[in-house]
Amino acid sequence: MRIVIFVSVGVSIFISILFVSFIYHQVQLVREEAWIQPMGEMVDRHGSAMHVYTEGAGEHTLVFMAGGGTSAPVFDFLPLYKELADRHTVVVIEKAGYGFSEVTDQSRDIDTILAETREALRQAGVDGPYVLVPHSMSGIEAIYWTEQYPEEVTALIGLDMATPEAYENMAIPMPLVHAGSVAANLGLTRWIPSLVSYEVLDYGTFTEHEEKVYRALQHRRTSTTNMVNEVGFIKENAQVVASGQNRSVPTLQFVSNGEGTGWDEATWLEFQQTFQQN
């Protein structure tokens, strides 16, 4: 009997903590709304707003495409594009549910994602051709772009980008992905910093206000519905891209040791080399 009471009390306390966390999270979201202002232009896509950030006015237009689940792409890429904006036009696309972009109820199949990206650029007045600069999972979208619309792409610069081969035998832990989404919606990222990454802050390139906005976006754009659905579609999307034939666009790949990708260094490098040879 005592064990039952002890367990009941423990469960009640746990649920109470989650409830308090959720309420606090909702209150903070409302407070933060007043000063979280998009840095670029908001354009409409299927009734939801997408954020397109541009800087510089160089001859080449570099389109930065964020990796899967990146909470604030316009800030994550900031240390890099600040070094390039004096010579190039830099653009950061924030997909639905990422950064300043709103969450959408549209499918996360590869054709829909690419159509949204291209339309957002058109509405923002960013003309091609483009140099695509994808990171991680967005490599799938960038490769598909070069296959479907090669006239719009002059080059592809992969920042440790994923290739279709990387997803052929990858086990996607969807229960864990959904659990992460639940934790984010309950506001647990505000209490457990390790649930999100602040590594980009180590570069010291943010103003005090930018850091404040960046942290706020981490709390509201971690494991959003769109991010979760994108992961659910990734193997199917990769298969669609793998069937493509046109890969004539010049490609430069910056490749890591595979840490954080789910693959060891040799296998990750092999995926990149296989892509180059196709």
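The structure contained in this document is the topic of the report that follows. (Residues numbered from 1 in each chain as written. Predicted model: local features only at pLDDT ≥ 70, side-chain atom pairs only at ≥ 80, totals over all residues. Heavy atoms only, no water.)

Quantified by volume, the largest pocket comes out at close to 1,900 Å³. For the largest pocket, the lining is made up of 50 residues, of which Gly-68, Thr-70, His-135, Ser-136 and Gly-260 are closest to its centre. Elements that contribute at least two residues to the lining of the largest pocket include exactly helix H3 (78–81), helix H6 (174–185), helix H7 (208–220) and helix H8 (225–242). Among the residues forming the lining of the largest pocket, the class breakdown is 30 nonpolar, 16 polar and 4 charged. Its boundaries defined by the atoms lining it, the second largest pocket holds a volume of some 190 Å³. Around the second largest pocket, the lining residues are Glu-33, Ile-36, Gln-37, Pro-38, Gly-99, Phe-100, Glu-102, Leu-217, Arg-220 and Arg-221. (1 Å grid on protein atoms, 1.4 Å probe; cavity = no way out; pocket = protein on both sides within 12 Å on 5 of 7 lines; lining within 4 Å. Points joined across faces, edges and corners; volume = space filled by probe spheres on them. Helix = DSSP H or I, 4+ residues; strand = E, 2+ residues; numbered from the N terminus. Nonpolar A, V, L, I, M, F, W, Y, C, P; charged D, E, K, R; others polar.)

Taken in spatial order, the 7 strands of this open sheet run E1-E2-E4-E3-E5-E6-E7, and their pairing is mixed. Sheet topology places strand E1 (41–45) and strand E7 (251–254) at the edges, where each strand pairs with a single neighbour. Strand-to-strand twist of the sheet, defined as the mean angle between neighbouring strand axes without regard to direction, takes the value 25°. For strand E6 (residues 153–159) and E7, the ladder comprises 4 bridges, and the chain directions are parallel. Bridge pairing in E7 links Ile-157 to Leu-252. Packing against the sheet, helix H4 (residues 110–123) makes contact with E1, strand E2 (48–55), strand E3 (61–65), strand E4 (89–94) and strand E5 (130–134), and its axis sits at approximately 130° to E1. Against the sheet, helix H5 (residues 138–148) makes contact with E3, E5 and E6, and its axis sits at roughly 155° relative to E5, the strand it touches most. (Pairing = 2+ DSSP bridges. Axes fitted to C-alpha atoms, helices over the stretch in contact; angles between N-to-C directions. Contact = heavy atoms within 4.5 Å.)

With that out of the way, let us pick up the pattern of salt bridges. This model, assessed by the stated rule, comprises 10 salt bridges. One salt bridge in this structure joins Arg-220 and Glu-33, with 2.9 Å as the shortest N-O distance. Taken together, the residues Arg-220 in helix H7 and Glu-33 in helix H1 (residues 2–33) connect sequence positions 187 residues apart. Judged by its relative accessible area of 18%, Arg-220 is buried. A salt bridge links Glu-116 to Arg-108; the shortest N-O distance between them is 2.8 Å. Residue classification places Glu-116 among the buried positions, given a relative accessible area of 3%. Classification of Arg-108 as buried rests on a relative accessible area of 1%. Salt bridges sharing common partners tie together Glu-32, Glu-33, Arg-190 and Arg-220. (Salt bridge = Lys/Arg side-chain N within 4 Å of Asp/Glu carboxyl O. Buried < 20%, exposed > 50% of the residue type's maximum accessible area, 1.4 Å probe, protein only.)

Right, let's talk about empty space enclosed by the protein for a bit. Leftover empty space is mapped by rolling, across the atoms, a probe with the size of a water molecule. Within this structure, the stated rule accounts for 2 cavities of 30 Å³ or more. A volume near 60 Å³ is recorded for the largest cavity. Lining the largest cavity, in full, are Lys-95, Ile-110, Ile-113, Met-137, Ser-138, Ile-140, Glu-141, Glu-230, Ile-234 and Asn-237. Taken together, the elements giving at least two residues each to the lining of the largest cavity come down to H4, H5 and H8. When its volume is computed, the second largest cavity comes out at roughly 40 Å³. In this structure, the second largest cavity is lined by Met-65, Ala-66, Ile-93, Lys-95, Thr-117, Ser-138 and Glu-141.

Before going further, it helps to spend a moment on the nonpolar core. Judged by nonpolar contacts, the single largest core of 35 residues is most densely connected at Val-52, Val-63, Leu-121, Leu-132, Trp-145, Leu-156 and Tyr-167. Ranked by the residues each element gives to this core, the list is headed by H5, at 5 residues. The next biggest cluster of nonpolar side chains, apart from the first, holds 29 residues, and it includes Tyr-81, Phe-100, Leu-159 and Tyr-198. (Core = buried A, V, L, I, M, F, W, Y, C linked by side-chain atoms within 4.5 Å.)

The buried fraction of E3 amounts to 5 of the 5 residues, a majority that puts the element mostly inside the structure. Residue alternation in E3 divides its side chains into two sets, Thr-61, Val-63 and Met-65 and Leu-62 and Phe-64, and both sets are buried. As judged from the 4 bridges shared by E3 and E5, these two strands associate in the parallel manner. Across the sheet, residue Leu-62 finds its bridge partner in E5, namely Val-131.

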